Amino acid sequence: MRKGSGVDLFEITGGNRLRGSVTIGGAKNAALPIMAAAILVEGETVLEQVPDLADVRQMQVLLQRLGVHCERDAQGAMHLRVEDESNTHAEYDLVSKMRASVCVLGPLLAKRKRARVSMPGGCAIGDRPINLHVQGLEAIGAEYELLNGDVVLKAKRLTGAEMFLGGPFGSSVTATANVMMAATLAEGRTIIECAACEPEVVDLADFLNACGARIQGHGTPHLVIDGVPKLTGVQHRVIPDRIEAGTFMIAAAITNGDLELPGARVDHLLAVVDRLRQIGVIVERKDGGVEVSSARRLEPTQITTQPYPGFPTDLQAQVMALLCLADGNSVITEKVFPDRFLHVGELSRMGAQLRKEGPTVTVEGIKRFVGAPVMASDLRASAALILAGLIAKGTTRVHRVYHIDRGYERFEEKLSSVGAHIRRLPE
Ligand code: EPZ
């Protein structure tokens, strides 16, 4: 982590084309639930390729408060081991900073028979309810109570059940993770219909199966978990971060550059590759990774975000920045977090021509962004502002980059290494 980065800003001078190779780190949204799953297992768990992010450090603090020893060794591998099971309360001060803390709910309930986690509340991308998490855990036997803004779940024993876990926006990633984790130690078979199919859920299931769980159908909407008496810790390598990879693919495209991303899992990004190729971006598989460059002229297109395997909501802001420079009007519809548009106002300050009507934004192509001071809001909106700054005329200052540090490891260093003119400054 950067030294003393209280509230920093990024200063970017636009115009450089990015060229070279960027190493993609481990997936934040796989690492976080897998770290929480360590609560379920006996013995030591060793996780490789866990990215060094603020959110990961938050999860380490939370797990330590929950009696899980959690430390990195000299090679950066993370070692986790349960030492004390007495505390089952994930407190507001931690959960309010990071929604993914909710992933301890299922493991605490299944292993310690009790969990108290503060309701995450809203955030920059919209409301973050956890009704599906509670509904799924109640289905396998949890008793639910709301106490001072905390969700309290208790269960003498958990029994497998069949459930439909879809909400108004389709499947839920962390609700699927929570119920799947709890069901590994329930008695009997649990069937989750409308389960999330994200690669991060698949990676969690692979980890749990390696620990002795019996999960089938992961990666499909029909998830089947047969409970086992106990799980034993293993060594596991976290999958690469498809959202970081997608962000750098768009960085190559927006600067008319040429980037190689060794290790990026193109099979986790097929909806994104489909849209980028439609826009005129050249995407080629290259020795286990991908090479991305772009034609001078970008075509407009239509994009709707959906649960996996649809276009990921976590790349919506980034692709909006790219489409601002296409030759014509594009339409982006956000179907997962309909309010996830805080980047619209900020991109407009840089000259973007955007018109929001409910969950849809019309993006009118412009010739060029003009650098400006802008404000980061959520993790991915901040990335979009930086991408725009890379190609804007003049200088862009993106404030409150702690949002970036939550989900991108050494972002400015990686961008500088391929030619971006970007530096981190204290506010
Ligand atoms: C995960 O959040 C990711 N976070 C998010 O990434 C990602 O944007 C999101 O999935 C969608 O892909 C982690 O994995 C830690 P959801 P999650 O439950 O699980 C509604 C990032 O940038 N819903 O799949 O919280 C919800 O409001 C972050 O890394 C309910 O209605 O998302 C949303 O509209 C941001 N009730 C939709 O479902 C519930 O109980 C999908 O949310 C749960 C969710």
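Everything that follows concerns the structure shown earlier in this document.
Structure report, in brief. (Residues numbered from 1 in each chain as written. Predicted model: local features only at pLDDT ≥ 70, side-chain atom pairs only at ≥ 80, totals over all residues. Heavy atoms only, no water.)

For the coordinates displayed, the defined rule picks out 29 salt bridges. Note that R214 is salt-bridged to D226, the shortest N-O span being 4.0 Å. On the criterion of sequence distance, the pair formed by R214 in strand β13 (residues 214-216) and D226 in strand β14 (residues 222-226) is long-range, its members being twelve residues apart. The buried category is assigned to D226, whose relative accessible area is 9%. In the salt-bridge network here, residues are joined through shared partners; they are D8, D405, E412 and R424. (Salt bridge = Lys/Arg side-chain N within 4 Å of Asp/Glu carboxyl O. Helix = DSSP H or I, 4+ residues; strand = E, 2+ residues; numbered from the N terminus. Buried < 20%, exposed > 50% of the residue type's maximum accessible area, 1.4 Å probe, protein only.)

Attention now moves to helix α6 (residues 173-183). With nine of eleven residues buried, α6 is to be regarded as a mostly interior element. Three or more residues of α6 are buried, namely A175, T176, A177, N178, V179, M180, M181, A182 and A183. Two or three places before A175, at the opening of α6, S172 has a side-chain oxygen 3.1 Å from that residue's backbone nitrogen. (Polar contact = N/O pair within 3.5 Å; in protein donor to acceptor, adjacent residues only side chain to side chain.)

Attention now goes to the nonpolar core. M35, V104 and L208 are the most contacted members of the largest nonpolar core, which has 77 residues in total. Once you skip the residues sitting within four places of it in the chain, L208 turns out to touch A37, L40, M180, M181, T184, A213, I215 and L231. Among the nonpolar cores identified, the runner-up in size contains 73 residues, and V281, V292, V344 and I404 belong to it. (Core = buried A, V, L, I, M, F, W, Y, C linked by side-chain atoms within 4.5 Å. Contact = heavy atoms within 4.5 Å.)

The subject of this paragraph is the sheet that holds strand β19 (residues 289-294). With respect to topology, four strands assemble into an open sheet ordered β2-β17-β19-β18, the strand pairing being mixed. Among the strands making up the open sheet, the edge pair consists of β2 (19-21) and β18 (281-286). Here the average twist between neighbouring strands, direction ignored, is 10°. The sheet contact formed by β18 and β19 spans six bridges and is antiparallel. Bridge pairing in β19 places V283 opposite V292. (Pairing = 2+ DSSP bridges. Axes fitted to C-alpha atoms, helices over the stretch in contact; angles between N-to-C directions.)

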